[in-house]
Amino acid sequence: MRITVLGSGTCELVAERSSPAYWLEAGGQGILLDLGQGAWRRFLNGGHQAAEVDAVVISHPHPDHMADLIPLMFALKYDPVLAAQARISLLGHSGLEPLLGALNQAWGNWLNPPPEVLTRRWLEPGEATLLGEVRITTAAAAHHPHSLAWRLEAGGRSLVYLGDSEASPDLARFAQGADLLICHCAGTDREPKTGHLYPAACGRLASEAQAGSLLLSHFYRVVDPEQAAASAANHFGGKIWAAFDGLHLELAASGTIAPPGACND
Ligand SMILES: [Zn+2]
Ligand SMILES: [Zn+2]
């Protein structure tokens with residue numbers, strides 16, 4: 001299992017941090033976790049092609065987490081080369097369906113690629129599904145009525161992506177024993193943001209979940225990534241990474257590692 005951070009930022013339009021998106025390679029599948037604005041540019045500049053994507057997972061319907069879904073749907077309808085190659089599953093909460101319907105209507109039916117090219121798979125909290133060899137389970141995240149937290153397991157490794165969320169005992173249970181827990185650390189310890197995590201809470205959640213390692217991401221300007229990692233480390237003894245766009249992590253049997261040159265850690 002290997003993950004690349006495409007976007008470690010938020011809604012803020014800054015050059016160094018694109019909006020939330022992660023490229024996960026697991027069990028022979030290529031999966032995009034969220035598609036915030038700028039995700040495609042990071043992905044394509046990284047040498048990838050859109051047809052490599054087997055699935056797109058949307059954590060919740062906020063624009064910074066799904067804006068780049070629009071160019072994908074448009075391209076799958078009007079780029080014949082991509083439409084001939086791509087077979088993509090779109091996974092999200094069922095509450096996404098009416099929003100996509102409204103967007104398609106607003107754009108005059110330009111965002112409705114054929115269902116065999118983009119297959120919608122809606123899930124409710126607690127539901128599970130298989131994507132090739134990847135087992136996917138969901139839980140309600142504490143952020144938006146249509147938020148889902150995601151657990152992905154393949155080849156004996158597991159990753160939990162909370163999306164935006166506060167912590168809860170249920171989410172600590174959901175993330176239990178994950179090799180990597182991805183937390184969106186949007187607030188500071190002094191100024192937490194409602195519906196989000198802050199550094200100390202990320203550390204406590206990773207500790208309660210007995211996670212193997214922790215990736216902090218979704219940084220606003222006011223959050224210093226290194227200070228956030230240091231604060232989380234007061235509560236969690238495992239490896240902690242502060243995300244930046246382009247960070248690669250391997251979830252190996254020996255633990256989560258960054259390949260040489262992939263990180264300034
Ligand atoms: Zn959000
Ligand atoms: Zn967000």
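Residues numbered from 1 in each chain as written. Chains lettered and ligands numbered in written order. Predicted model: local features only at pLDDT ≥ 70, side-chain atom pairs only at ≥ 80, totals over all residues.

A. Local environment of the overall build of the protein. Within the protein, the secondary structure is distributed over eight helices and 15 strands. The C-alpha atoms of the protein give 17 Å as radius of gyration, which agrees with the globular expectation for 265 residues (18 Å, within 12%). Across its three principal directions, the C-alpha atoms of the protein cover 50 × 35 × 35 Å. Per-residue burial for the protein yields a buried fraction of 47% across its 265 residues. For the protein, contacts bridging at least 24 residues in sequence account for 60% of all contacts bridging at least 6. (Helix = DSSP H or I, 4+ residues; strand = E, 2+ residues; numbered from the N terminus. Rg over C-alpha atoms; globule rule 2.2 N^0.38 Å. Buried ≥ 20, exposed ≤ 12 C-beta atoms within 10 Å, placed from the backbone. Contact = placed C-beta atoms within 7 Å.)

B. Focus on the pairing of strand β8 (residues 134-140). Buried residues dominate β8, accounting for five of its seven residues. Summarising the sheet, strand β7 (residues 128-131) and β8 pair through four bridges and their orientation is antiparallel. Paired with leucine 131 across the bridge in β8 is valine 134. Following β7, the chain reverses through two residues before pairing antiparallel with β8; glycine 132 in that reversal takes a positive phi of roughly 60°. (Pairing = 2+ DSSP bridges.)

C. Just unusual backbone geometry, in detail. A positive phi angle, near 65°, is found at asparagine 109, a position not held by glycine. Overall, asparagine 109 belongs to the exposed group, with 9 C-beta atoms counted inside 10 Å. For histidine 218, which is not a glycine, the phi torsion comes out positive at approximately 60°. Checked against the element boundaries, histidine 218 lands in the loop between β12 (213-217) and α8 (225-233). Residue class for histidine 218 comes out buried when judged on the 27 C-beta atoms lying within 10 Å of it.

Limitation: the analysis is restricted to geometry and does not speak to function.
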